[in-house]
Amino acid sequence: MNSKSLDYEKMPGHWLLASLGKKVLRPGGLEMTRHMLGSLNVNERDVVVEFAPGLGVTAQMTLRHNPGEYIGIEQDEAAASSVRQYLWGERRSCIVASAEHTGLPDGSASIIYGEAMLTMQAPVQKQRIISEAKRLLRPGGKYAIHEMCLFPDDLDAKKKEGIQKDLSQSIRVNARPLTVSEWKQLLEEHGFRITNVKTAPMHLLRPRRMIQDEGLGGVLRIVSNVIRNPRARKRVLGMRRQFLKHGRYLQAVTLTAEIPE
Ligand SMILES: C[S@@+](CC[C@H](N)C(=O)[O-])C[C@H]1O[C@@H](n2cnc3c(N)ncnc32)[C@H](O)[C@@H]1O
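Residues numbered from 1 in each chain as written. Predicted model: local features only at pLDDT ≥ 70, side-chain atom pairs only at ≥ 80, totals over all residues. Heavy atoms only, no water.

## Observations concerning the overall build of the protein
Worth spelling out the cut-off: Segments assigned H or I by DSSP are reported as helices when at least four residues long, segments assigned E as strands when at least two residues long, and all are numbered from the N terminus. The size measure is the radius of gyration over C-alpha atoms, and the globule rule it meets is 2.2 Å times the number of residues to the 0.38 power. Remark: exposure states derive from per-residue accessible area (1.4 Å probe, protein chains only) relative to the maximum for the residue type, with buried under 20%, exposed over 50%, and partly exposed in between.
Scanning the protein from N- to C-terminus turns up 9 helices and 8 strands. For the protein, the C-alpha radius of gyration of 18 Å lies close to 18 Å, the compact-globule estimate for 261 residues. Counting only C-alpha atoms and orienting by the principal axes, one finds that the protein spans roughly 50 × 45 × 30 Å. Taking all 261 residues of the protein together, the buried fraction comes to 53%.

## With respect to the packing of aromatic side chains
Test applied: Any Phe, Tyr or Trp ring, taking Trp's six-membered ring, that has another such ring centre within 6.5 Å forms a pair; planes under 30 degrees apart are called stacked, those over 60 apart edge-to-face, and the others tilted.
Counted according to the given criterion, the structure contains 2 aromatic pairs. Where Phe51 meets Tyr143, the ring centres are 6.4 Å apart and the plane angle is 65°; that geometry is what we call edge-to-face. Within this pair, whereas Phe51 is found in strand E1 (residues 47–51), its partner Tyr143 is found in strand E5 (residues 137–150), the two being separated by 92 residues in sequence. A relative accessible area of 0% means that Phe51 is categorised as buried. Relative to Phe192, the ring of Tyr143 has its centre 5.5 Å away and its plane inclined at 40°; by these criteria the two rings are tilted. On the criterion of sequence distance, the pair formed by Tyr143 in strand E5 and Phe192 in the loop between helix H7 (180–189) and strand E7 (193–201) is long-range, its members being 49 residues apart. Exposure remark for Tyr143: the relative accessible area of 1% places this residue in the buried category. A connected cluster of aromatic rings, assembled from ring pairs, spans Phe51, Tyr143 and Phe192.

## Thoughts on unusual backbone geometry
The omega torsion across Phe151 and Pro152 is -5°, close enough to zero to call that bond cis. Within the secondary structure, Pro152 sits in the loop between E5 and helix H6 (157–171). Backbone geometry places Ala116, a non-glycine residue, at a positive phi of 50°. Within the secondary structure, Ala116 sits in the loop between strand E4 (109–115) and helix H5 (123–136).

## Details of the site of the ligand
We apply this condition: Nearness is judged by heavy atoms alone; a residue qualifies as near a molecule or strand once a single heavy atom is within 4 Å of it. For this analysis, a polar contact is any N or O atom pair within 3.5 Å, provided that within protein one partner can donate a hydrogen and the other can accept it, and provided that sequence-adjacent residues contribute only side-chain to side-chain pairs. Only the protein chains shown count as cover for residues, and all accessible areas are computed by the Shrake-Rupley method using a 1.4 Å probe. Under the scheme applied here, ten amino acids are nonpolar (Ala, Val, Leu, Ile, Met, Phe, Trp, Tyr, Cys and Pro), four are charged (Asp, Glu, Lys and Arg), and all others, including Gly, are polar.
The environment of the ligand is formed by 19 residues, the closest being Arg26, Ala52, Glu74, Ala99 and Glu115. Within the contact set of the ligand, an oxygen atom lies 3.3 Å away from a backbone nitrogen or oxygen of Leu25. Ala99 has a polar backbone atom sitting 2.9 Å from a nitrogen atom of the ligand. In the complex, 96% of the free accessible area of the ligand, which totals 600 Å², lies under the protein chains. Classifying every residue of the shell around the ligand by side-chain character gives 10 nonpolar, 5 polar and 4 charged.

## Describing the packing of helix H2 (residues 29–40) against helix H8 (residues 207–228)
To keep things clear, this is the line we draw: Helix axes are fitted to C-alpha atoms over the stretch in contact, other axes to C-alpha atoms as well, and angles between N-to-C directions run from 0 to 180 degrees. Orientation categories follow fixed angle ranges, with anything under 35 degrees roughly parallel, anything over 145 roughly antiparallel, 65 to 115 roughly perpendicular, and all other angles oblique. The contact criterion used throughout is that any non-hydrogen atoms of two residues lie within 4.5 Å.
Running from amino to carboxyl end, H2 crosses H8 at an angle of 60°, the nearest separation of the two axes being 7 Å. Put simply, H2 runs oblique to H8. Contacts between H2 and H8 involve Gly29, Leu30 and Glu31 on the former and, on the latter, Arg209, Gln212 and Asp213. Along the lines of polarity and charge, the residues of the contact of H2 with H8 split into 1 nonpolar, 2 polar and 3 charged.

## Some details on the nonpolar core
Selection rule: In this text, buried Ala, Val, Leu, Ile, Met, Phe, Trp, Tyr and Cys residues form a nonpolar core when linked through side-chain atoms within 4.5 Å.
In this structure, Phe51, Ile112, Tyr143, Trp183, Leu187 and Phe192 are the most contacted members of the largest nonpolar core, which totals 30 residues. For this core, the secondary structure elements donating two or more residues are E1, strand E2 (69–74), E4, H5, E5, H7 and strand E8 (250–258). Once you skip the residues sitting within four places of it in the chain, Phe51 turns out to touch Ile73, Ala99, Thr102, Ile112, Tyr113, Gly114, Glu115, Met117, Ile129, Ala133, Leu136 and Tyr143. Formed by 29 residues, the second largest nonpolar core is a distinct cluster that contains Leu20, Met148, Ile171 and Ala232.

Dropping the structure here:
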C-alpha cells in the first residue's frame, strides 16, 4: 500500500498500527492468545470458526493444531486476503462477512473465538455476534473472547463514559470495553457457562509487550516507520497517551465459555 494514499487522520487505530508493520492487534498480546487457545484445546476433530482474524496471526497458531476445519469470518476484504495466504488444503477458508450474520449452518462449529473485535461494537452488535456464536455452536461447543476490559468491576458510570469517549476519539472506532463482570454477564445471558477467565495489563503499545509480540526486528521496523511518518506518529502518540492516561482502569481479558450439553 502506498503510505501517501492512507488517511492517517481518520483510519481506525488497528489499521494504522498494521500499516506501520504491527501484526499483533489484540490487547493482551500473544501471551493471552496462547492462554485462550490452551483453554480451547483445538484438535483434529474440531470445526473452528474465528471471528475477525485480522492479519491471520492467531489463525496460524490454530492451524498448527491441525483442526478438522478452519473458517475465518472477516468483514475486511484486504484482511481476509492476508489470512488466505496461510490457508492451504481442504477445509480451510476465510469468508468476507460480518460475524453478526455468517451464513454458516446451525450447530456446525465446535469452537469459536474472536479477539479485539467485540469491544469495538455497539451494544446491539455485541448481542448479535454472541447470538450468532451460540447459533453456530453444537452442544458442548466452546466460545472464547479476548477483549479490552475496564477495571475495577464497580467503576462508576461517569468514569466509564469518559474512558470510552477518549478511546473512541483516539482509536477512531467505537471503543466500548466492559468490565469483566459485564463481559461474563453478556455471555451468560446467551446461555454460555464461563469456564475460564484471565486478565493481563493493557500494554499494547508498551516496549516490553511490543518486543514479546513483534520481536526485536519487528519493533525496530515499526519504530523506523513511525519516525519517517509524522502524520502516523501523531496518531500513535495520541493513542498511547490515552492508554497511559487510563492505564489503571484498562486491562485485557480472555474468557472461555461453553454451551452446556
Ligand atoms: C483490532 S482488529 C483485531 C484483528 C485480530 N483479531 C487480532 O487480534 O490481531 C479488529 C478486526 O475485527 C474485524 N471486524 C470488526 N467487526 C467485525 C465483524 N462484525 N465481523 C467480522 N470482522 C469484524 C476488523 O475488520 C479487524 O480485522
